[in-house]
Amino acid sequence: RGLYNVRLVRADALTLLSDGLPVLPLFDRILVFFPDPWRGSPERRMIRTELISHLSPRMRAGGVLHLATDVPGYPQEARMAMAASLWSEVPCGHGAMCAQRPSTKYERAAIHAGREVHDLCFTYDGTTPNS
């Protein structure tokens, strides 16, 4: 499709951010759809203050993080973690960077089980060198 700036990496996100990537504004968009591989263990959740502190310096100003989850309480925890940094919540679907997400099997399972699905979008307000 002519996409040359897309990369997929299979790694622990915190390890990759803290040890594997330069501290440069690398990302315009981060998509985190239905992350909860450790059965709700809060210390291993993707969107938490520790991980966001490593992610923020690698985001370009105006970059977007889109989180979709069906885990009760996770939206509130994510909002607190993002608010502690230079991120602002925006309506999902606001602007080109917050496009609608595809349906996933995890979303369909959540809906089938009667769980509410939450989409949260945040923009990075920080200024970074070379942005």
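The following refers to the structure shown.

In this section: the overall build of the protein chain. Of the regular secondary structure elements, the protein chain holds four helices and four strands. In the protein chain, the succession of α and β elements from N to C terminus is α-β-α-β-α-β-α-β. Split into buried and exposed, the 131 residues of the protein chain put 35% on the buried side. For the protein chain, the proportion of contacts with a sequence separation of at least 24, taken over those separated by at least 6, is 83%. Total accessible area on the protein chain is roughly 8200 Å²; 56% of this is exposed by carbon and sulfur atoms.

Attention now goes to the nonpolar core. With 19 residues, the main nonpolar core has I47, I52, L55, L65, L67, M82 and W87 as its most contacted residues. Contributing elements (two or more residues each) for this core: α1 (13-20), β1 (27-33), α2 (49-55), β2 (59-69), α3 (74-83) and β4 (118-124). W87 has contacts with I52, L55, S56, M59, G63, V64, L65, M82, F122, T123, Y124 and D125, leaving out every residue within four places of it along the chain.

Once that is clear, we can look at the packing of aromatic side chains. According to the stated counting rule, one finds one aromatic pair in the structure shown. On the basis of an interplanar angle of 55° and a centroid distance of 5.2 Å, the ring pair of W87 and Y124 is categorised as tilted. Of this pair, W87 sits in strand β3 (residues 87-90) while Y124 sits in strand β4, placing them 37 residues apart in sequence. You'll find W87 and Y124 in the same group, each marked buried. Here R45 stacks its cationic end above the ring of Y74, 4.7 Å away from the centre of that ring. Taking NZ or CZ as reference, R101 lies 6.0 Å from the ring centre of F33, over its face.

Turning to the pattern of salt bridges, a few remarks are in order. Following the criterion strictly, the structure yields seven salt bridges and no others. Residue E77 is joined to R45 by a salt bridge in which the shortest nitrogen-to-oxygen separation is 2.9 Å. Taken as a pair, E77 in helix α3 and R45 in the loop between β1 and α2 lie far apart in primary sequence, 32 residues in all. Its relative accessible area of 33% is what places E77 among the partly exposed residues. Classification of R45 as buried rests on a relative accessible area of 7%. If you follow the salt bridges from partner to partner, you end up with R101, E107 and D119 in one network.

In total, this model carries one disulfide according to the counting rule given. Here C92 connects covalently by a disulfide to C121, the sulfurs 2.4 Å from one another. Looking along the S-S bond of the C92-C121 disulfide, the torsion reads about 110°, which is the right-handed sense. Within this pair, whereas C92 is found in the loop between β3 and α4 (105-112), its partner C121 is found in strand β4, the two being separated by 29 residues in sequence. Residue class for C121 comes out buried when judged on its relative accessible area of 0%.

Conventions used here
- Residues numbered from 1 in each chain as written.
- Predicted model: local features only at pLDDT ≥ 70, side-chain atom pairs only at ≥ 80, totals over all residues.
- Heavy atoms only, no water.
- Helix = DSSP H or I, 4+ residues; strand = E, 2+ residues; numbered from the N terminus.
- Buried < 20%, exposed > 50% of the residue type's maximum accessible area, 1.4 Å probe, protein only.
- Contact = heavy atoms within 4.5 Å.
- Areas by Shrake-Rupley, 256 points an atom, 1.4 Å probe, with all protein chains shown as cover.
- Core = buried A, V, L, I, M, F, W, Y, C linked by side-chain atoms within 4.5 Å.
- Phe/Tyr/Trp six-rings, centres within 6.5 Å; stacked < 30°, edge-to-face > 60°.
- Lys NZ or Arg CZ within 6 Å of the ring centre and 35° of its normal.
- Salt bridge = Lys/Arg side-chain N within 4 Å of Asp/Glu carboxyl O.
- Disulfide = S-S within 2.5 Å.

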